[in-house]
Amino acid sequence: MNLLFIGDVTGKAGITYLAEQLKQLRREETLDLIVANGENAAKNGRGITIGALEELYDSGVELVTLGNHTWDQKEIYDSLDRDMRICRPANFHEDAPGRGYLNCEVNGKQVAVINLIGRTYMGLYESPFQIADKIVSEIRQTTSYIFVDFHAEVTSEKLALAWYLNGKVSAVVGTHTHVQTADERILPGGTAYITDVGMTGPRDGIIGLKKGPMIQKFIDQMPNKHELEEGPRQFSAVLITIDESGKSTAIRRILRTED
Ligand SMILES: [Fe+2]
Ligand SMILES: [Fe+2]
């Protein structure tokens, strides 16, 4: 089974370039399941709107994960409760809207997608390790195809969760930093890993945002207005191959840009 996971889709530029690249990729590869992190898919890059979510589905994305920007757009809260194709981090408070993992059927097989958020430099959340334990032990009774999007800032926390879940899940991939790392590998237990998949959106900004205000912020440390960058776009993803036992046999990094 080939699972394509697309890193933080950012703004309209992210959605349009994703749609173009998916058309192309479908001609080149067999894609059995397409999952995207949509936490920046709103026009302004903050959270996800109902319209942006629909556009992702129309482009071919089947399941959507989120992150620290989950609550930026209030209009999405109802969809989080009702729509079984989108999830938010499972280690948010249990009373928060939405669900922390998704189930779907791919080629007659059950597949689960879990979203977790890191705590180091991120916020006060339940332990992603304990919550992962709880969910994975439940899910493994019905399937061994388990994919984890770990939305976290710190490389060591992401590696720690990957090694913690090694052999128990098919993949742990990192999101949130918007910068793709070159450390993709299969851990000895058959768990595919990459520290960060990267961002799909404006290529020449600073993690998607306009350079000028971002540079100024690092110089004077004053609050200022941030908008998404314009110009060339990039597409960041990983293609993971999972065998019949739920173990991954390959992970390939994909990074495509305009011009
Ligand atoms: Fe994030
Ligand atoms: Fe993001």
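The sections below set out a description of the structure shown in this document. Small disclaimer: the values here were computed from a predicted structure and weren't measured. (Residues numbered from 1 in each chain as written. Chains lettered and ligands numbered in written order. Predicted model: local features only at pLDDT ≥ 70, side-chain atom pairs only at ≥ 80, totals over all residues. Heavy atoms only, no water.)

Looking at the coordination of the iron ion (ligand 1)
The textbook angles at a metal center are 109.5 degrees for a tetrahedron of four donors and 90 or 180 degrees for an octahedron of six. Note the cut-off: Water is not part of the atom set, so a site may look incomplete; the donors themselves are N, O and S atoms within 2.8 Å of the metal, or 3.2 Å for Na, K and Ca. Here the metal geometry follows the donor angles, with tetrahedral for four donors whose angles all fall between 85 and 135 degrees, square planar for four and octahedral for six when opposite donors are more than 155 degrees apart and every other angle is between 65 and 115, and irregular for all the rest. Each helix is a run of DSSP H or I of at least 4 residues and each strand a run of E of at least 2, with the numbering of both proceeding from the N terminus.
The iron ion (ligand 1) binds to the protein through Glu 39 (OE), Asn 68 (OD1), His 151 (NE2) and His 176 (ND1), with metal-donor distances spanning 2.1 to 2.2 Å. For the iron ion (ligand 1), the four donor atoms are set out with angles of 87 to 149° between them, so the coordination reads as irregular. One chain supplies every donor for the iron ion (ligand 1), spaced along it as E-x28-N-x82-H-x24-H. In this structure, the iron ion (ligand 1) lies 3.4 Å from the iron ion (ligand 2), and both are coordinated by Glu 39. With a gap of 137 residues between them, Glu 39 in the loop between β2 (33-37) and α2 (50-59) and His 176 in the loop between β7 (171-175) and β8 (185-186) connect regions that are remote in the sequence.

Side note on the sheet that holds strand β9 (residues 192-194)
Quick note on the threshold: If DSSP finds at least two bridges between two strands, the strands pair. Any two residues having at least one pair of non-hydrogen atoms within 4.5 Å are treated as being in contact. Axes here refer to lines fitted to C-alpha atoms; in helices the fit is confined to the stretch in contact. Angles between the N-to-C directions go from 0 to 180 degrees.
Here six strands make up an open sheet; going across it, the order is β4-β5-β6-β7-β9-β8 and the pairing mixed. Strands at the two margins of the open sheet, each flanked by one partner only, are β4 (101-106) and β8. In terms of strand pairing, strand β6 (residues 146-151) meets β7 through five bridges, oriented parallel. Looking across to β7, one finds that Val 148 is bridged to Val 172. Across the sheet, helix α4 (residues 128-139) is in contact with β4, β5 (109-117) and β6; its angle to β5 comes to roughly 170°.

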